[in-house]
Amino acid sequence: MQSRKGSRRGYAHMEAASGWQSEIPPDLTAFIAAQTSVFLGTASADGQPYIQHRGGPPGFLHVLDVRTIAFVDFAGNRQFISQGNLAENPKAHLFLIDYAHARRIKIWGTARVIEGDSDLMAKLMPPGYRARPEQVILFTVEAWDANCPQHIPQRFEAADVAEAIEMRDKRIAELEERVRQLEVSRL
């Protein structure tokens, strides 16, 4: 398809030079740790695809080493489709998107479900997060790529907007007080 649509030459050059990156560098580690949302793609043994959203506070995704990402899988709708797919087919995909900064990362690899490891669960559980941990997902990175920012709508986290508004309101109150003091001093 790349040949037919005219992009094969550019991708062949990239593949010959270095190919897809397979290790997580420090800047990607920081990006991953800041995320509150990830999409996990899996497929059954016969290829039926499935995408599931996973979320939590910043830091719920952990980079354990340059090839491993882990997170606590919290109790949800109890369909267990992703877990069933991973039992049949470990190939998986993570898709992370930062709307505020128009950045998205695609990560290919394999994943497995870890059940009953309370030490690992405790290590990965976000402190103070009110969710029921069910299991851990360990994702082994085979390749990753940063997608272009084109067509990513800019959106912001509600907490970030609230903080910006609070800072603005505080500054307005400071300026209003200064104006009041100047008016009093003129009298």
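Residues numbered from 1 in each chain as written. Predicted model: local features only at pLDDT ≥ 70, side-chain atom pairs only at ≥ 80, totals over all residues. Heavy atoms only, no water.

Asks: For the overall build of the chain, give the residues involved together with the corresponding values.
Replies: Along the chain, the regular secondary structure elements total six helices and seven strands. Starting at the N terminus and ending at the C terminus, the chain contains elements arranged as α-α-α-β-β-β-β-α-β-β-α-β-α. The C-alpha atoms of the chain give 22 Å as radius of gyration, which overshoots the globular expectation for 187 residues (16 Å, by more than 25%). Dimensions of the chain along its principal axes, counting C-alpha atoms only, are 80 × 50 × 30 Å. Contacts in the chain between residues far apart in sequence, at least 24 positions, make up 69% of those at least 6 positions apart. Taken as a whole, the chain presents about 12,200 Å² of accessible surface, with 54% of it coming from carbon and sulfur. (Helix = DSSP H or I, 4+ residues; strand = E, 2+ residues; numbered from the N terminus. Rg over C-alpha atoms; globule rule 2.2 N^0.38 Å. Contact = heavy atoms within 4.5 Å. Areas by Shrake-Rupley, 256 points an atom, 1.4 Å probe, with all protein chains shown as cover.)

Asks: Tell me about the pattern of salt bridges, and please be specific about residues and values.
Replies: Close approach of charged atoms lets side chains of opposite charge pair. All chains considered together, the criterion is met by seven salt bridges. Residues E134 and R132 are paired through a salt bridge, measuring 3.8 Å at the closest nitrogen-oxygen approach. The salt bridge partner of R168 is D169, with a shortest N-O separation of 2.7 Å. Look at R168 and you get partly exposed, because its relative accessible area is 47%. (Salt bridge = Lys/Arg side-chain N within 4 Å of Asp/Glu carboxyl O. Buried < 20%, exposed > 50% of the residue type's maximum accessible area, 1.4 Å probe, protein only.)

Asks: So what's going on with the environment of G47? Residues and values would help.
Replies: Position of G47 among the secondary structure elements: in the loop between β1 (37–43) and β2 (49–55). Under the relative-accessibility criterion, G47 is labelled partly exposed at 43%. G47 sits 108 residues away from R155 along the chain, and the two C-alpha atoms are 33 Å apart.

Asks: Before we move on, could you go through the confidence of the model for the chain and cite the residues and values that matter?
Replies: On average, residues of the chain score 91 in pLDDT, and 96% of them are at 70 or above. Confidence scores differ between elements of the chain, with helix α2 (residues 8–17) showing the lowest mean pLDDT of 70 and strand β3 (residues 62–65) the highest of 97. (pLDDT = per-residue confidence, 0-100.)

Asks: I'd like to hear about the sheet that holds strand β6 (residues 103–114), residue by residue, with values.
Replies: Strand pairing in a sheet takes place through backbone hydrogen bonds and is either antiparallel or parallel in direction. Strand order in the open sheet formed by seven strands is β2-β1-β5-β6-β7-β4-β3, with antiparallel pairing between adjacent strands. Both outer strands of the open sheet, β2 and β3, are each paired with one neighbouring strand and no more. Ignoring strand direction, the axes of neighbouring strands in this sheet form an average angle of 35 degrees. Here strand β4 (residues 68–74) runs beside strand β7 (residues 133–147); their pairing, made up of seven bridges, is antiparallel. Residue pairing for β7: F71 is matched across the bridge by I137. Of the strands in this sheet, β3, β4, β5 (91–98), β6 and β7 are in contact with helix α3 (residues 26–34), which crosses β6 at around 75 degrees. (Pairing = 2+ DSSP bridges. Axes fitted to C-alpha atoms, helices over the stretch in contact; angles between N-to-C directions.)

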